[in-house]
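Residue-level structure breakdown
Listed below, chain by chain, are the residues.
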Amino acid sequence: MDIQAALKANALFRDLDRRALRAAAARAEWIEIGGGEYLFRVGQPSDALYLIVNGRIRVVGANPDGPPLMLGEVGAGDTVGEITLVTAERHTADAYALRDTAMIRLSREVFDDLVVRHPTAMLQVTRLVVARLRAVTPAPERESVRSTRTYAVVPAHPGVDVAAFAHALSAELGRVAATLRLDVARVEQALGEGMAATDFGGGDRHRRLTGWLTQLEDRYRYLVYQGSAAPDAWTRRCLRQADRILVVASADQRPFVSRNLAWLGEQNLRAPRELALLHDGNARYSGLAWRERVGADIHHRVERTLPPRDIARLARLVSGRGICLVLGGGGARGFAHVGLVRALQERGIPIDAVGGTSMGAMVAALVAMGYDAHELLARLRATFVTGKFLNDYSLSRISLISAQKFHRQLRVLFGERRIEDLDIPFYCLSTNLTRGTPMVHDSGALATWVGASMAVPGIAPPIVHQGDLLVDGGLLSAIPFEPMAAFGRGRIIVSDVSREPNLRVDTAEDAQTTSLLSVGAAARHLNMFKILFHTATLTSERESRDIDSRADLVLHMPVSDVSMFDWDEMDEVVYRAYHHADQMLDEWLPAP
């Protein structure tokens, strides 16, 4: 590798004259680390700056309350370590290789000498440090997915047509940016017979193959490495070259630890793993079982015939270009979500992932099942307007209604369907009243968890789960934004129907504190249902501002005058929401 050329191509060093570049290159060090290896750890002395030639480094910070916080990722052409090098502090974060990574190392001594002799270099570094310190990545998870450049596609077991899958995925990614699929035949056509079988200790052959792959990464936005059903030399290289690993399995195959999975389990690779589950409509084996075998974070359901719809959704999700909906809670106001869905569908904008709370959970579940806006409207009308499934009053010590009729209707709508078997990724939120924490439901019985998400305290009885009481998710999060942000799969559209502007009572100036029951006519506009409704759809101003700043589009639906049980206002609510969404999408979307 030409170290001088790599330095010249980097913004930090491109203004140096040829002599200075030669001097820096002569003292620089070429290093390689394998996927999973640490470059540096918190507390270690900062003794070098690293320029990445190929590969990927993830930087994570300590988090005493949970898993490490991802601070960012850097790839080819980026530098890492420059901040603590300039500040002369110890490292404040961990940095490790997601995949095999080659770098140029400039020691502190070389860097300091360069700065003394060429102050321009220090100016460039200072600018970079200031930019890094000022930069606040609003969605590091999404940026991690979006910055993926190399994918390994390998079968979980023999019998998977991985070539057809890799070809379809490459073609779809190629619609967005330059993409190349790499298999044994393509490697040997370019470099000669047997080159794909070169192992990592292959000396000159290994360096020649690695150099060629590095050139391809410079030329193409995406590389799709196609492996085989056995961990041969090429498949191992595919996995070690990948920013993201896609393991393809058949839903008809009982999950087991294949040779590929066994090899993966023995490695310390840190590249995220995802499962693509091929099915014929009815999955014989659960995606969750295969995910556990693969060690995957998520799974994608794809019909075995690889229809364009499924492959396009997969390509968007694995490249961080999806359209993700978050639907808030709000009783009858939640009908507004149907207006948004209609506006999106009329524009041909696909919905790639969806989550919701309370009524938003129900609409989201129907969207995840593949229903269009007209079908949504028909099912919601049958449930809330004509069906009257919320009138089984119990007047018990627990709740106003027993909700048995409603839960039966949910089973009619959703059957025995499980969340993990939905083609469109879905989650809903409930509130664990026992522990005072939100619960994200992204697997399990769809009808059960939608019902839990809609159990408004005082109106419907809580759901009992392992001894804990679960109620409406809106109690702690009327807009379940955080799970979708953590999912990181694309742009997030939020439909907010939670605002209640008129929860005040005008009293005499001297009545600073008094019982609501003694206020009289001043509180005539309030009742038990409005107060319960507000409790179950509470969004703080701080939370609302945070979501407004982080989401890509927030629609505050014009439904503030609609009450919790105004089911007969369905058509009016959908009409208003549709026109509001139509206008907002026109402003949000780029001009054709």
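Scroll up a little and you will see the structure.
Bear in mind that the values here come from a model prediction, so they are computed numbers and not experimental data.

What follows concerns helix α7 (residues 162-173). Under the 1.5 Å per step criterion, the end-to-end length of α7 is 16 Å for 12 residues, consistent within 8% with the ideal 16 Å. Of the residues making up α7, those classed as buried are V162, F165, A166, A168, L169, S170, E172 and L173. Against the buried residues of α7 lie β9 (150-155), β10 (179-182), β11 (222-226), β12 (244-250), β13 (273-279) and α13 (308-318).

Helix α16 (residues 373-384) packs onto helix α15 (residues 359-368) with a crossing angle of 135° between their chain directions and a minimal axis gap of 10 Å. Taken together, the axes of α15 and α16 lie oblique to each other. By crossing handedness, the relation of α15 to α16 is classed as right-handed. Contact residues: α15 offers M359, M362, V363, L366 and V367, while α16 offers L376, R379, L380, T383 and F384.

A word on the sheet that holds strand β4 (residues 56-61). Strand order in the open sheet formed by four strands is β2-β7-β4-β5, with antiparallel pairing between adjacent strands. The two strands at the open ends of the sheet, each matched to only one other strand, are β2 (38-40) and β5 (69-75). The sheet shows a mean angle of 30° between the axes of neighbouring strands, taken without regard to direction. The pairing of β2 with strand β7 (residues 94-97) spans two bridges and is antiparallel.

Here the focus is the pairing of strand β3 (residues 48-54). Burial of β3 is extensive: seven of the seven residues sit out of reach of the surface. The sheet contact formed by β3 and strand β8 (residues 101-107) spans six bridges and is antiparallel. Bridging across to β8, I52 finds its partner in M103.

Analysis parameters
- Residues numbered from 1 in each chain as written.
- Predicted model: local features only at pLDDT ≥ 70, side-chain atom pairs only at ≥ 80, totals over all residues.
- Heavy atoms only, no water.
- Helix = DSSP H or I, 4+ residues; strand = E, 2+ residues; numbered from the N terminus.
- Expected span 1.5 Å × (residues − 1).
- Buried < 20%, exposed > 50% of the residue type's maximum accessible area, 1.4 Å probe, protein only.
- Contact = heavy atoms within 4.5 Å.
- Axes fitted to C-alpha atoms, helices over the stretch in contact; angles between N-to-C directions.
- Parallel < 35°, antiparallel > 145°, perpendicular 65-115°, else oblique.
- Left-handed = near helix turned anticlockwise from the far one by under 90°.
- Pairing = 2+ DSSP bridges.

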